[in-house]
Amino acid sequence: MTVKTKSYIYQHGTLGGLMQDLMDGTEKIGELLHYGDFGLGTLEGSNGEVIILDGVVYHADETGVINQLAGDELTPYAAVTTFQTDEDFSLAELSDKAVKDRILEKISHNLFSAVKISGTFKHMHVRVAPKQKKPYPRFVEIARHQPEFSADEISGTIVGFFTPNLFQGAAAAGFHLHFISDDRQFGGHVLDFELTEGKVELMELAEFRQHFPTENTDYLENEIKLDDISKDIEEAE
């Protein structure tokens, strides 16, 4: 796969901060569209799951309702890229692990990659983090009580990224995937799925651009403790 030299993932905030309880909204979600048209994230208070596809920002709330966002909603953590397919291939009748294994055969484990899987799914299982208010809990506590939703025989698109192990904490090492259905009525953070048939599109990224919430006092004054959050990330993802 040829990596485009000007390609990059742009990320506001860190997953480690979100895990630790730094959930203040510190950037307008619409601002990320200046840096990409494809991505994922959440809203202030770890409110739900954001899916950015074809330059449109969608939000799945804790009741399972999907809405299109105006763009002025605040986010503590989101990541985007301008998606351009480097490689694509078709798959059928595979579990999520089998799909991921095929992807891992195609990409470098030392680069960020954007992952897009569009097609029909025999089963899709997602979760949606419920909105929190200050004082925020650790995210893993939210994840242990999060609403989960399932759908069978559903068509849609998985949107997400593969992150190298080196960047655990900044993001979630491995796959971080969100889903939205073609009818925009079902979506969330992907827990597992079974693919009936679909197309996988991949894009390896040459740069990782990290934007920090430099005007948020909580972020500046509360050191993120990687040892504490690593296990939390593994459990929550």
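The structure this text deals with has already been given above.
I will try to describe carefully the structure that is included in this document. In this text the structure is predicted, and so the values were computed from the model without any measurement. (Residues numbered from 1 in each chain as written. Predicted model: local features only at pLDDT ≥ 70, side-chain atom pairs only at ≥ 80, totals over all residues. Heavy atoms only, no water.)

**Let's talk about the side chain of lysine 116**
Let me state the cut-off plainly: Here a helix means four or more residues in a row that DSSP labels H or I, a strand means two or more in a row labelled E, and each is numbered from the N terminus. In this scheme, a residue with accessible area under 20% of its type's maximum is buried, one over 50% is exposed, and one in between is partly exposed, where area comes from a 1.4 Å probe on protein chains only. Think of it this way: Lys and Arg go in the positive column, Asp and Glu in the negative one, and His and the chain ends go nowhere. Definition used for salt bridges: Asp or Glu carboxyl oxygen within 4 Å of a side-chain nitrogen of Lys or Arg. Here, residues are in contact when the closest pair of their heavy atoms is within 4.5 Å.
Topologically, lysine 116 is positioned in strand β10 (residues 113–127). Lacking a salt bridge, the buried lysine 116 has glutamate 201 as its closest oppositely charged neighbour, with an N-O distance of 4.1 Å. Beyond its immediate chain neighbours, meaning those up to four positions away, lysine 116 contacts Phe38, Leu53, Asp54, Phe83, Thr157, Ile158, Lys199, Val200 and Glu201.

**A closer look at the packing of aromatic side chains**
In this description, a pair of aromatic rings is defined by centroid distance and the angle of the planes. Selection rule: Within 6.5 Å between ring centres, the rings of Phe, Tyr and Trp (the latter by its six-membered ring) count as paired, and their orientation is classed by plane angle as stacked under 30 degrees, edge-to-face over 60, tilted in between. We count a charge as sitting over a ring when the NZ of a lysine or the CZ of an arginine lies within 6 Å of the ring centre and within 35 degrees of the ring normal.
Summed over the entire model, instances satisfying the criterion amount to eleven aromatic pairs. Relative to tyrosine 219, the ring of phenylalanine 212 has its centre 6.2 Å away and its plane inclined at 40°; by these criteria the two rings are tilted. Three or more aromatic residues joined by ring pairs form one cluster here, namely Phe121, Phe179, Phe186 and Phe193. Over the ring of phenylalanine 89 we find lysine 106, and its NZ or CZ is 5.0 Å from the ring centre. The positively charged end of arginine 209 is found above the aromatic ring belonging to tyrosine 8, 3.6 Å away from the centroid.

**Comments concerning unusual backbone geometry**
The step from lysine 134 to proline 135 runs through a cis peptide bond, and the omega angle for that step is -5°. Checked against the element boundaries, proline 135 lands in the loop between β10 and α3 (139–143). A positive phi angle is found at serine 46, which is not glycine, with a value near 55°. With phi around 55°, glutamate 93 is a residue other than glycine that occupies positive phi space.

**Digging into the pairing of strand β12 (residues 174–181)**
Here is the rule: Two strands form a pair only when DSSP identifies at least two bridges running between them.
Within β12, eight of the eight residues are buried, which leaves the element mostly enclosed by the surrounding structure. Pairing of strand β11 (residues 148–163) with β12, which is carried by eight bridges, proceeds in the antiparallel orientation. From the neighbouring strand, threonine 163 faces β12, where its bridge partner is glycine 174. Sheet topology places β12 next to strand β13 (residues 187–211); three bridges connect them, and they run antiparallel. Bridging across to β13, isoleucine 180 finds its partner in glycine 187. Between β12 and β13, which pair antiparallel one after the other, the connecting turn spans five residues, and arginine 184 there sits at a positive phi close to 60°.

**Considerations on helix α2 (residues 96–104)**
Definition in use: Arc definition: it is the arc formed by the directions from the helix axis to the C-beta atoms.
Within the sequence span of α2, burial applies to Asp96, Val99 and Ile103. Along the long axis of α2, the arc covered by the buried residues comes to 65°, so they all point the same way. Those residues of α2 hidden inside the fold are in contact with β9 (87–95), β10, β12 and β13.

**Let's talk about the nonpolar core**
This is how it is decided: Residues grouped as a nonpolar core are buried Ala, Val, Leu, Ile, Met, Phe, Trp, Tyr and Cys residues, joined through side-chain atoms within 4.5 Å.
Formed by 23 residues in total, the largest nonpolar core has its most connected members in Ile103, Ile117, Phe121, Met124, Ile158, Phe179 and Phe193. For this core, the elements supplying multiple residues, two or more each, are β9, α2, β10, β11, β12 and β13. With near-sequence residues (within four places) excluded, isoleucine 103 lies in contact with Phe89, Val115, Ile117, Phe175, Val200 and Leu202. With 18 residues, the next largest nonpolar core counts Phe38, Ala60, Ala79 and Phe161 among its residues.

**Remarks on the pattern of salt bridges**
Enumeration over the complete set of coordinates arrives at seven salt bridges. For the salt bridge of aspartate 218 with lysine 134, the shortest nitrogen-to-oxygen distance reads 2.9 Å. Remark: lysine 134 occurs in the loop between β10 and α3 and aspartate 218 occurs in helix α4 (residues 217–221); sequence separation between them is 84 residues.

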